[in-house]
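Take a look at the letters that make up each chain.
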Amino acid sequence: MGRTFVGGFESTYHPASGVDALEVTGHVARYDEDLDQLLAAGVRHLRYPLRWHRVEAEPGVYDWDETDRVLGTLRERGAVPIVDLVHHTSYPDWLTDGFRDERFGPAFVRYATAVADRYPWLAAYTLFNEPFATLFLSGHEALWPPYDRGVPGLRRLLLSVLPSVAEAAAYWRTALPHAHHVWVDTAEHHTATGPGVDYAALANDRRHVVLDLALGHDLDLGRPFLRELVADGGEALLTLPPLRVDVLGLDYYCHSEWFYDEHGSHAPSPQPVGMADVVQQYSERYGLPVMLTETNLRGLPSDRISWMRYTLEQYELALSRGVPLHGYCWFPQVDSADWDSLLARTAGRVDPVGVVSLDLDGTRRRTEFTDAWERAAAGTAVADLPAVRFQPPCDDQLQGLLPALAHWPWRDPTAEQTVPALSADLPTSRTGSPDLSDHDLDTREHTMTTLPSSAVPATTGPTQPDLVVLSHLRWPWVWQRPQHIVSRLARQRAEAGARTYVVEEPVVEDVDSPRLGTEEVDGITRVWLVLPVAQSPVVRSEAHPADRGFEDPAADCYGELLAEALGDRPLPPDVWIYTPMAIELAQRLEPGRLVYDVMDDLASFKNAPEGLVLRQRRLLAEADVVFTGGPSLDRSIRRQRSAGVHLFRSGVETEHYAQSRLLRTEHERPVAGYVGVVDERLDLDLLDELADHLPDWTIRVVGPVAKIDPADLPRRPNIEYPGMARYDELPAVMAGFDVALMPFALNEATRSISPTKTLEYLAAGLPVVSTAVPDVVADYADVVCLADDGQQFAAACRRVLLDDPRARDRRARPLQARQEWDHIATSMAGLLDAARSATAGARAEETA
């Protein structure tokens, strides 16, 4: 048995932006040139996209000119196209609600029927590319239009799409009985240890669901994800007419394998089973011939060569085991665009993954990978392909593969194969957190057209740009990471003649028209948009009925009002974002530098706004500098972006909390206390159990209740809820504790948290008992006592009272010294200045 090379061209159309990958990469204009290169290499089979959004730009009106021309050329030249009718979101614009549009099903069947009738000579076809991956990202992850979410969202899209695919498949089977139906989808594999085992089982079940429903295969309702899908109202999916698949196309990338453990999820997996095993599993599950329909690696040409060597070696390993593999497709033939943000930001950025590279002017450029691919396509043995060591970031991503590649004759990349690093990380500190004070917008707001400048001494022009901070947290609320950092940056900016604004989410009030409210506080200018109630009637939160989000349609005027109020300044402002929901507002301000400080995994929080994941991907693509608030968050963010990302654990004001040691007095019974927001991240059952096991103690929970019903809080005689306390009151509050608590639930919302209160408790001289939050385990295991449930918490509280506080201080002191907020803010400002200098230099070079 041998290998058959297959070609392919990236073609996704993104209706939200109107960007068409075939046009961005220039294939529409250069298809002759691209086909020449492919066919000259001896490759005759290729996956080829039909552009439905162009063919049927008006409902029921087909324009076949381009399709006739290209397919005619392929046929004349002896090529065998596997036509691809819908590649991801490549449907016409008039299907305004995309896959959820009630017109989608009938329109798709009509279009698919028309294609079959017009090109009856076709030998192979894919009716709908990557149905699981596409509908999961569109319907479950809210990443692509129509931005649906969760199991209900996926169920809605499956019910809209799968029946029409089944109907079209039946027609093609009758009209083109000789042609092969190539079903193409992602080839995933999930493994886990410890707390991740259940999720891996769910993900492994989920990856098969769409094809199983289409084939009527193994529809056992004991399966975890299928059961959930059916229970949500997907019963009709169980009775779809089974369609026939002739070849199962599998798309395998380095991120196709995931691993889950107590630290969260990891992709690429550090313990991959390998492509051959994954392909073999799919083949045996379905009993079908298979084809590797996509693989590539985002990296330097030498990285791509080594990945091709690996996948070809695995391809031949699978063949040797008897797996009926019928094709190897490096995808795409020409560099792609915008997949670095998973199409969240479609701006035509070249994605270096192709056989042929793409220059900015559209010129095709051969690389050493082009040469290697052509040699492999011509039959060069795998062992004769180069084995060049992977370079950053591929070397880190692919660590898990290396044991299986120990037999390779590795060589280091040459100087010509390397690219100098553009930036370096500056790892720093951690923790910090809460406190509370109420705010009353009514008493502080005033109408304005220009923002005050009282914070600016400025007798001369500013040497720094203004700083505009866009935040989902209101400045006077819990004093935490944004307030610590921004207050320090504001002082630095004021010394340079620049102003600092903290722009908060809108509120509604009894006003006639939208206007801005402001308040001068802590050396910064607070700004918020006040909307008439009638313009924004939908309450976002019952607990805070006046609050609205940046995404509120009535807030579309926010950017214009804010830009006008900021006025003209000599330098474009630096815009610093704490929530991706503010990205549109940031863009309206035309920032000189865009900073994203990722302090939480907001998408995992309760009541996360729709579209947050999409906006985060856009923000990660747009931002000049990205800061992360903890190791888990940092790992998560670096999977989406590696350059310009800097880990800054939250910090502490040691002197502030050290007051607590002087304020401590004797009290009647021991107190175990918590300070911070009380929301879904706390394990309320654990608190209840703790109170039950410490009847002679007081459990004191200090902080505001948010996003959960106060009636759900455990009520026992020895539990107190004194409410909020201001930041300046916290040392006295902690002086009343004997033990500090961090009873966080271990769930999706806490998987990436790095509790800021850890170092504050320690600075106050308190022993700390915590659940095994991954970042606490990673950073504080030698100074924090870990416990799993209320009984263990109670035992730990009694035990830590006997600890030697001097020994605990000795262990905590180095952490506190590294993580003072002053040092963090100064380091962040330095990195921002460095980014500014780099950009200024680049602009100067462009001008020269």
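From a predicted model like this one, the values you see are computed outputs, not experimental measurements.

Chemist: Just to check I follow, could you spell out helix α12 (residues 368-377) for this structure?
Modeler: Among the residues of α12, those classed as buried are Phe 369, Thr 370, Ala 372, Trp 373 and Ala 376. Across the axial projection of α12, the buried residues extend over an arc of 165°, all falling on one side. Where α12 is buried, its residues contact β1 (5-8), α2 (27-40), α11 (301-320) and β17 (364-365). Where α12 begins, one side-chain oxygen reaches toward the backbone nitrogen of Phe 369, 3.1 Å away; that side chain belongs to Thr 367. Following α12 by one or two positions, Gly 379 adopts a phi angle in the positive range, close to 110°.

Chemist: Would you mind showing me how to read the side chain of Gln 314 here?
Modeler: Position of Gln 314 relative to the elements: it lies in helix α11. Of the polar contacts made by the side chain of Gln 314, one reaches the backbone nitrogen of Met 275; its length is 3.2 Å. If we ignore the near neighbours within four places in the chain, the residues touching Gln 314 are Gly 274, Met 275 and Ala 276.

Chemist: Explanation requested: the pattern of salt bridges in the structure shown.
Modeler: Between side chains of opposite charge, a pair can form as their charged atoms come close. Going through the model one piece at a time under the given rule, you end up with 57 salt bridges. The shortest N-O distance in the salt bridge between Arg 30 and Glu 33 comes to 3.4 Å. Within this pair, Arg 30 and its partner Glu 33 are both found in helix α2, separated by 3 residues, close to a single helical turn. Note on Glu 33: relative accessible area 37%, which makes it partly exposed. We note a salt bridge from Glu 66 to Arg 51, for which the minimum N-O separation is 2.7 Å. Pair noted here: Glu 66 is in helix α4 (residues 65-76) and Arg 51 is in the loop between β4 (45-49) and α3 (52-55), with a separation of 15 residues, a long-range link. Glu 66 sits in the partly exposed class, given a relative accessible area of 27%. The buried category is assigned to Arg 51, whose relative accessible area is 6%. Connected through salt bridges with shared partners, the residues Asp 20, Glu 23, Arg 51, Arg 54 and Glu 66 form a single ionic network.

Chemist: Sorry, what's going on with unusual backbone geometry here?
Modeler: What is expected of a backbone is that most residues other than glycine have negative phi and most peptide bonds are trans. The linkage connecting Ala 267 with the following residue, Pro 268, adopts the cis geometry, with an omega of 5°. Look at Asp 522: it is not a glycine, yet its phi comes out positive at around 55°. With respect to the helices and strands, the residue Asp 522 is situated in the loop between β21 (515-521) and β22 (524-532).

Rules of the game
Residues numbered from 1 in each chain as written. Predicted model: local features only at pLDDT ≥ 70, side-chain atom pairs only at ≥ 80, totals over all residues. Heavy atoms only, no water. Buried < 20%, exposed > 50% of the residue type's maximum accessible area, 1.4 Å probe, protein only. Helix = DSSP H or I, 4+ residues; strand = E, 2+ residues; numbered from the N terminus. Arc of directions from axis to C-beta. Contact = heavy atoms within 4.5 Å. Polar contact = N/O pair within 3.5 Å; in protein donor to acceptor, adjacent residues only side chain to side chain. Salt bridge = Lys/Arg side-chain N within 4 Å of Asp/Glu carboxyl O.

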